Amino acid sequence: MASLADELQQLFQQFSGQLEAAANEQAVRKVYADFGGANGAIRLKQKELIKSAPNDQKRVIGQATNEILQNVEAAFNAALGRLASQAEARELARSVDVTLPGRAHRLGHLHPITLARREIEAIFAQLGFTVAVGPQVETDFHNFEALAMPKDHPARDMQDTFYVAGAEGAAGEGADVVLRTHTSPVQIRTMLARKPPVRVIMPGTVYRRDDDATHSPMFNQVEGLCVDEGITFADLKGVLLHFARRFFGEEIGVRLRPSFFPFTEPSAEIDFSHGTCKGRGCRTCKNSGWIEIGGAGMVDPEVFRHVGYDSEKYTGFAFGWGIDRMAMLKYGVDNINAFFEGDVRFARQFR
Ligand code: PHE
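Residues numbered from 1 in each chain as written. Predicted model: local features only at pLDDT ≥ 70, side-chain atom pairs only at ≥ 80, totals over all residues. Heavy atoms only, no water.

### Here we look at the domain arrangement of the protein chain
Interfaces are often sized by the amount of accessible area the parts lose when they come together.
Turning to step 1, where the next piece is worked out: Under the domain assignment used here, the protein chain contains domain 1 (2–93) and domain 2 (112–347).
Turning to step 2, where the next piece is worked out: Relative placement of domain 1 and domain 2: their C-alpha centres are 95 Å apart. (Domains from an automatic or database assignment.)

The structure is reproduced here in structure tokens:
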């Protein structure tokens, strides 16, 4: 009997060792099958012992070995239980909580100047204007000469700018290169490339030697040009009024004051009645109730001559103003530099 007990005890110890080493349910079940299953080592040993025992001993041996098999069973169930609670603990310790609401991606958005430019373009598109663009580094010819501002013209003083190459005494006509001071050179480029009728709106960045709260050395303008047979000053005013009301509101009025530009005749300063104070007068509009927006006029025959248009047959109007200034008025921004400083806290307000 001593050796019987020893043999079974040895098998049981083997079983216990392997069970402890089993890292997952599949391994635990295999260890159980190897020892406690129908063809497991302990069960085979039991059968063998009972078979070879004398009849009067069979019952005792059967009981003793069954006890060991019960222990095998219990150890197996305990191992399964241990694995289950380990899995549960791992689940609870997970650092990802799938029940939390998702984190939204921050979406980008357009800069207020872009928003204003697109809105201006859209309003003119509905009137049949198409968008045209030109280079920011421009020739003296397109920026001044063809716009009836020859080299010594006093109007150039107001548009002092950055000369890129060969300012004085440069060889050959049009050799001078400047950062464009206005979008008007795109008028020239458009008319040189197309025959009338022309209806274009020309947005873009321009440069001047200006720098204060309402002037930046780099700013954005939009230019309009309409050339056809029979275009009058009344068409200009109608288009400006339509635009003012669409962009700022139905109550806005337009005033045209006599002025001078070398490339338009007659010329006018465009004023819009001030929307914020409803024309009553305030600090922004200097108590006048009107805000100066830009310049306009009928295209000067001298400009038509430069681009080869017949000024006996065609007339046209042109206008130009600052997009930044429009955006300042529309969004209530009092310093133009806020648009260009790149502070996202500012830009984010215009989503
Ligand atoms: N280009 C002019 C400026 O920048 C504005 C303007 C455009 C005036 C078109 C008349 C016609 O001052």
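Now that the structure has been shown, we can carry on.
### Describing the nonpolar core
Turning to step 1, where the next piece is worked out: Membership of the largest hydrophobic core comes to 44 residues, with the highest contact counts inside it found for Ile-120, Ile-270 and Trp-321.
Turning to step 2, where the next piece is worked out: Setting aside residues up to four positions removed in sequence, Ile-120 forms contacts with Ile-201, Val-222, Phe-243, Phe-247, Trp-321, Ile-323 and Met-326.
Turning to step 3, where the next piece is worked out: In this structure, Ile-188, Met-202, Val-227 and Val-299 belong to the second largest nonpolar core, which totals 23 residues. (Core = buried A, V, L, I, M, F, W, Y, C linked by side-chain atoms within 4.5 Å. Buried < 20%, exposed > 50% of the residue type's maximum accessible area, 1.4 Å probe, protein only. Contact = heavy atoms within 4.5 Å.)

### Thoughts on the site of the ligand
Turning to step 1, where the next piece is worked out: Surrounding the ligand, one finds 15 residues, the nearest of these being His-182, Ser-184, Arg-208, Gln-221 and Glu-223.
Turning to step 2, where the next piece is worked out: Here a nitrogen atom of the ligand sits 2.9 Å away from a polar atom, N or O, in the side chain of His-182.
Turning to step 3, where the next piece is worked out: A distance of 2.9 Å is found between a nitrogen atom of the ligand and a side-chain nitrogen or oxygen belonging to Ser-184.
Turning to step 4, where the next piece is worked out: In isolation the ligand has 330 Å² of accessible area, and contact with the protein removes 93% of it.
Turning to step 5, where the next piece is worked out: Among the elements that take part in the shell around the ligand, strand E10 (residues 315–322) stands out by supplying 3 residues, more than any other.
Turning to step 6, where the next piece is worked out: Split into classes, the residues belonging to the shell around the ligand amount to 5 nonpolar, 8 polar and 2 charged. (Near = heavy atom within 4 Å. Polar contact = N/O pair within 3.5 Å; in protein donor to acceptor, adjacent residues only side chain to side chain. Areas by Shrake-Rupley, 256 points an atom, 1.4 Å probe, with all protein chains shown as cover. Helix = DSSP H or I, 4+ residues; strand = E, 2+ residues; numbered from the N terminus. Nonpolar A, V, L, I, M, F, W, Y, C, P; charged D, E, K, R; others polar.)

### As for the packing of aromatic side chains
Centre-to-centre distance and the angle between the planes together describe a pair of aromatic rings.
Turning to step 1, where the next piece is worked out: Scanning all chains against the criterion turns up 22 aromatic pairs.
Turning to step 2, where the next piece is worked out: Each ring, one from Tyr-32 and one from Phe-76, has its centre 4.2 Å from the other, and the planes form 20°; the classification is stacked. Highlighted residues: Tyr-32 in helix H2 (residues 25–35) and Phe-76 in helix H4 (residues 58–92), separated in sequence by 44 residues. You'll find Tyr-32 and Phe-76 in the same group, each marked buried.
Turning to step 3, where the next piece is worked out: Above the face of the Phe-247 ring, Lys-330 is positioned so that its terminal group lies 4.2 Å from the ring centre. (Phe/Tyr/Trp six-rings, centres within 6.5 Å; stacked < 30°, edge-to-face > 60°. Lys NZ or Arg CZ within 6 Å of the ring centre and 35° of its normal.)

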